[in-house]
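Take a look at the letters that make up each chain.
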Amino acid sequence: MSEAKCDIQAFIVHKLIKDQHGTEVTKEDGSAVLAVNDSIQQLMDTLNKIYIEQGGRSFGKFEADTDNYPISIYLTDANATENADDFYNLSIRILKHLVVKAKNTSASGGWVVISQ
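Taken together, the side chains of L43, L47 and V113 define a hydrophobic patch exposed on the protein surface, amounting to about 210 Å² of accessible area. Position of L47 relative to the elements: it lies in helix 1 (residues 38-54).

The next thing to look at is the pairing of strand 1 (residues 11-18). By the bridge criterion, six bridges tie strand 1 to strand 3 (residues 110-115) in an arrangement that is antiparallel. Following the sheet pairing, H14 is matched in strand 3 by V112. Of the pairings in the sheet, the one linking strand 1 to strand 2 (residues 25-28) comprises four bridges and is antiparallel in character. Residue pairing for strand 2: K18 is matched across the bridge by V25. Between strand 1 and the antiparallel strand that follows it, strand 2, lie six residues; G22 among them carries a positive phi value of about 75 degrees.

Before going further, it helps to spend a moment on helix 1. Its 17 residues place the ends of helix 1 24 Å apart at the C-alpha level, agreeing with the 24 Å of an ideal helix rising 1.5 Å per residue. When we look at burial in helix 1, the residues that qualify are I40, Q41, M44 and D45. Taken down its axis, helix 1 places every buried residue within 130 degrees of arc, on the same side. For helix 1, exposure combined with an orientation more than 90 degrees from the buried face picks out D38, S39, Q42, E53 and Q54. Its buried side turned inward, helix 1 meets strand 1 and strand 3. Of the residues that open helix 1, the one with a side-chain oxygen 3.0 Å from the backbone nitrogen of S39 is N37.

What follows covers the packing of aromatic side chains. Inspection of every chain in the model, using the stated rule, returns zero aromatic pairs. Above the ring of W111, the side-chain terminus of K15 is found at 4.8 Å from the ring centroid.

Further remarks concern the side chain of S91. For S91, the location among the structural elements is in helix 3 (residues 84-102). When near neighbours in sequence (up to four residues on either side) are disregarded, S91 contacts I12, H14 and I114.

Next up on the list: the sheet that holds strand 3. Strand order in the open sheet formed by three strands is 2-1-3, and the pairing between neighbours is antiparallel. Where the open sheet ends on each side, the last strands, each with one partner, are strand 2 and strand 3. The mean inter-strand angle of the sheet, taken between neighbouring strand axes irrespective of direction, is 30 degrees. Where helix 3 meets the sheet, its contacts fall on strand 1, strand 2 and strand 3, and the angle it forms with strand 1 comes to roughly 25 degrees.

Definitions and limits used
- Note on numbering: residues in each chain are counted from 1, in written sequence order.
- Two thresholds apply to this predicted model, a pLDDT of at least 70 for residue-level local features and 80 or more for giving and counting side-chain atom pairs, whereas whole-chain, interface and lining totals are computed over all residues.
- Working from all heavy atoms in the structure, the side-chain values ignore hydrogens and water.
- Here, patches come from residues exposed beyond 30% relative accessible area and free of salt bridges, joined within 9 Å for like charges and within 5 Å for nonpolar side chains (Val, Leu, Ile, Met, Phe, Trp, Tyr).
- All accessible-area figures derive from a Shrake-Rupley calculation using a 1.4 Å probe, and residue coverage is judged against the displayed protein chains alone.
- Criterion for a salt bridge: a side-chain nitrogen of Lys or Arg within 4 Å of a carboxyl oxygen of Asp or Glu.
- Here a strand is any run of E in DSSP of at least two residues, a helix any run of H or I of at least four, and the numbering for each starts at the N terminus.
- When DSSP finds two or more bridges between two strands, those strands count as paired.
- By this rule, a helix spans an expected 1.5 Å times one less than how many residues it contains.
- When a residue's accessible area, from a 1.4 Å probe over protein chains only, is under 20% of the maximum for its type it is buried; when over 50% it is exposed; and in between it is partly exposed.
- The arc in question is formed by the directions pointing from the helix axis toward the C-beta atoms.
- Contacts between residues were defined by any pair of non-hydrogen atoms, one from each residue, lying within 4.5 Å.
- Side-chain atoms alone can form a polar contact between residues adjacent in sequence; in general such a contact is a pair of N or O atoms within 3.5 Å, and within protein one must be able to donate a hydrogen while the other accepts it.
- In summary, the pairing rule links any two rings of Phe, Tyr or Trp, Trp by its six-membered ring, whose centres are within 6.5 Å, and it sorts them by plane angle into stacked for under 30 degrees, edge-to-face for over 60 and tilted for everything else.
- A ring is scored as having a charge over it whenever the NZ atom of a lysine or the CZ atom of an arginine sits within 6 Å of its centre and within 35 degrees of its normal.
- All axes are obtained by fitting lines to C-alpha atoms, using only the stretch in contact for helices, and the reported angles, taken between N-to-C directions, cover 0 to 180 degrees.

Right under this line is the structure:
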């Protein structure tokens, strides 16, 4: 079976930062939508393969509770398929939501990859 490559339209990396005490979560916005290169393509193809193989209850689904899990609304509201600025703004909106959700959890900081 040949593996399908992801058709990447846009790609950005942001960062979630959790302080040493684990109480504060901040963000570092990526500076811009990145040009897709071989490394990005390989990363997304690998992540896509792993995601598909794992499956599970959340595979390809959004939570019905859009008050607490509004990402599906963000995607509906965004005009990200039309231009990179809208994708960038969508990614910042998603990142802000992740910062709020990561507070008061055991989640550690790390890189946030968003791809269209």
